[in-house]
Amino acid sequence: MKRLLILSLFFISFFACKNDKQKETETIETTESISENKQEIIEVASFKGQQVTGVTVTENGRLFANFPRWRDTVKYSVVEVFEDGSFKAYPSDIWNLWQLDDQPKEDQFLGVQSVVAFEDKLYVLDTRNPKFSGVVDAPRVFVFNLKTNTLEQTYKLDKDSYHSDSYINDLRVDKVNNKLYFTDSGHAGLVALDLNTGKSTRILDNHKSTTAEVSELTFDNTVWKNTVHSDGIAFDPKKQRLFYHALTGYSLYSIPVSSFNLKDKAKIEASVTLEVKTAAPDGMIFDQKGNLYYADLEHNKIDYITPNGTIKTLIEGDKVKWADTFSIYNGYLYYTNSRINEASGDISDLKFTINKVELPK
């Protein structure tokens, strides 16, 4: 009996120690996971009542942002943001003066959705579709020389490259092939623009890979009902592949950029690759290490896919509110909080921000 009692006490002690070690290990793993997501998030600029979507940082640190014309109260389309958080209309007040009752003008912004700085140029994508009321005239890209802050070139999409309900959403620059690539979130499809010839080409029109998969997203206990097609876009210059994603969807696709040169529709569609299932994102961007960053809109996160295919979370929490567009400069990821799911009706009291967070070492 005494021997049995001793054995019982031994096993109780053994398993108690084992469980304590398991709990200790679990605590360490949890702490490591939390610490990864507690990087400092720095607010760069804020805009009260003005919904910012796009952000871009030049090679020497100049920062630009844009505001889509989704409502009557848009004060400016493009601004340059300074180190102290102040900003002014870019390239001038006149370029930003167009109003909804005005006739379209060649030298004014109508509905800017994206700005991208590349080398010494600023590419400003104008949907020409204010308030989603239909394309007024050809969607276009204004190219500004950042050394002189003057318009250098205007590229208009060819008529067979867009539809009356197109909303040309985002763009990427391909220096090797001297092309721009776009997504169309209003009428599913991809577009390439040859900067040498000015000609544009549309592919994957209403294709499964460019079309929205769902008609709503869920935020906490609220539902945001909308159908948004091909939206986020990222270019991998090393692999010469274009990555794209429907906003209301959970599938990341890619295609070789050489597919824009194909004439056979079947061959183009056959070149599409389903990369991975992800959260529903908006904008996307690659860093120099090959990590692909994108938002998990429904859970207030920014995630990234490593080159080996692992999905990790960079940051999460109430400082991530519909992370819309990304830019990378000096080891930091810049992003806009466009708060699209919250921004209905009167937004005059809503604060929209540009934030930055340090990239993984």
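Residues numbered from 1 in each chain as written. Predicted model: local features only at pLDDT ≥ 70, side-chain atom pairs only at ≥ 80, totals over all residues. Heavy atoms only, no water.

1. What about the sheet that holds strand β9 (residues 150–156)?
Then, number 1: Reading across from one edge, β6-β7-β8-β9 is the order of the four strands in this open sheet, with antiparallel pairing throughout. Among the strands making up the open sheet, the edge pair consists of β6 (112–118) and β9. Between one strand axis and the next, the sheet turns by 20 degrees as a mean value, whatever way the strands run.
Then, number 2: Relative to strand β8 (residues 140–145), strand β7 (residues 121–126) runs antiparallel, the two being bridged by six bridges. Bridging across to β8, Y123 finds its partner in V143. (Pairing = 2+ DSSP bridges. Helix = DSSP H or I, 4+ residues; strand = E, 2+ residues; numbered from the N terminus. Axes fitted to C-alpha atoms, helices over the stretch in contact; angles between N-to-C directions.)

2. What about the environment of Y253?
Then, number 1: Position of Y253 among the secondary structure elements: in strand β18 (residues 251–256).
Then, number 2: With residues up to four places along the chain from it excluded, the contact list for Y253 reads K208, S209, E213, L242, F243, Y244, V272, T273, L274 and E275. (Contact = heavy atoms within 4.5 Å.)

3. Considerations on the nonpolar core
Then, number 1: In terms of nonpolar packing, the biggest core is built from 26 residues, with I302 and L333 touching the most fellow members.
Then, number 2: If sequence neighbours within four positions are ignored, I302 has contacts with Y294, A295, T313, L314, I315, V320, A323, F326, L333 and Y335.
Then, number 3: Among the nonpolar cores identified, the runner-up in size contains 19 residues, and A65, V74, Y76 and V79 belong to it. (Core = buried A, V, L, I, M, F, W, Y, C linked by side-chain atoms within 4.5 Å. Buried < 20%, exposed > 50% of the residue type's maximum accessible area, 1.4 Å probe, protein only.)

4. Observations regarding the pairing of β8
Then, number 1: With respect to burial, β8 is a largely interior element, six of its six residues being buried.
Then, number 2: Side chains R140, F142 and F144 of β8 all project onto a buried face; the interleaved residues V141, V143 and N145 project onto the opposite face, where all are buried too.
Then, number 3: With six bridges connecting them, β8 and β9 associate as antiparallel partners. Considered in β9, the bridge of F142 is made with T154.

5. Observations concerning the sheet that holds strand β3 (residues 63–66)
Then, number 1: One open sheet accounts for four strands, arranged β2-β3-β4-β5; its pairing is antiparallel. Looking at strand neighbours, the two that pair on one side only are β2 (54–57) and β5 (87–89), the edges of this open sheet. Shown here is a sheet whose adjacent strand axes are inclined to one another by a mean of 25 degrees, direction ignored.
Then, number 2: Note that β3 and strand β4 (residues 78–81) share four bridges and pair antiparallel. Note that in β4 the partner of A65 across the bridge is V79.

6. Section: the layout of surface pockets
Then, number 1: Reported here for the largest pocket is a volume of approximately 1200 Å³.
Then, number 2: Lining the largest pocket are 39 residues, and of these I285, F286, D287, Q288 and I328 sit closest to its centre.
Then, number 3: Among the elements of the structure, β2, β6, β10 (168–174), β16 (230–236), β20 (284–286) and β24 (323–329) are those that each provide at least two residues to the lining of the largest pocket.
Then, number 4: Taken together, the residues of the lining of the largest pocket sort by class into 18 nonpolar, eight polar and 13 charged.
Then, number 5: Approximately 480 Å³ is the volume found for the second largest pocket.
Then, number 6: Together, 24 residues line the second largest pocket, and W70, F132, W224, N226 and V228 are the ones closest to its centre.
Then, number 7: Grouping the constituent residues of the lining of the second largest pocket by class yields nine nonpolar, ten polar and five charged. (1 Å grid on protein atoms, 1.4 Å probe; cavity = no way out; pocket = protein on both sides within 12 Å on 5 of 7 lines; lining within 4 Å. Points joined across faces, edges and corners; volume = space filled by probe spheres on them. Nonpolar A, V, L, I, M, F, W, Y, C, P; charged D, E, K, R; others polar.)

7. So, the confidence of the model for the protein
Then, number 1: Here the protein shows a mean pLDDT of 91. Residues at 70 or above account for 89%.
Then, number 2: Considering only residues more than four positions removed or in separate chains, one finds that residues 1–36, a stretch of pLDDT under 50, has one contact. (pLDDT = per-residue confidence, 0-100.)

8. Notes on the side chain of S271
Then, number 1: Position of S271 relative to the elements: it lies in the loop between α2 (265–270) and β19 (273–277).
Then, number 2: Within the structure, S271 has its side chain in polar contact with the side chain of S259 (distance 2.8 Å).
Then, number 3: Once residues lying within four places of it in the same chain are set aside, the contact partners of S271 are R241, S254, I255, P256 and S259. (Polar contact = N/O pair within 3.5 Å; in protein donor to acceptor, adjacent residues only side chain to side chain.)

9. Concerning the pattern of salt bridges
Then, number 1: What the rule picks out here adds up to 19 salt bridges.
Then, number 2: Where R339 meets E342, a salt bridge forms, and the shortest distance between an N and an O atom there is 2.8 Å.
Then, number 3: Judged by its relative accessible area of 11%, R339 is buried.
Then, number 4: Judged by relative accessible area, E342 falls into the partly exposed class, the value being 33%.
Then, number 5: The partner of K361 in a salt bridge is E358, with the nearest N and O atoms 2.6 Å apart.
Then, number 6: One network of salt bridges, with partners in common, ties together E106, D126, R128, D137, R140 and K156. (Salt bridge = Lys/Arg side-chain N within 4 Å of Asp/Glu carboxyl O.)

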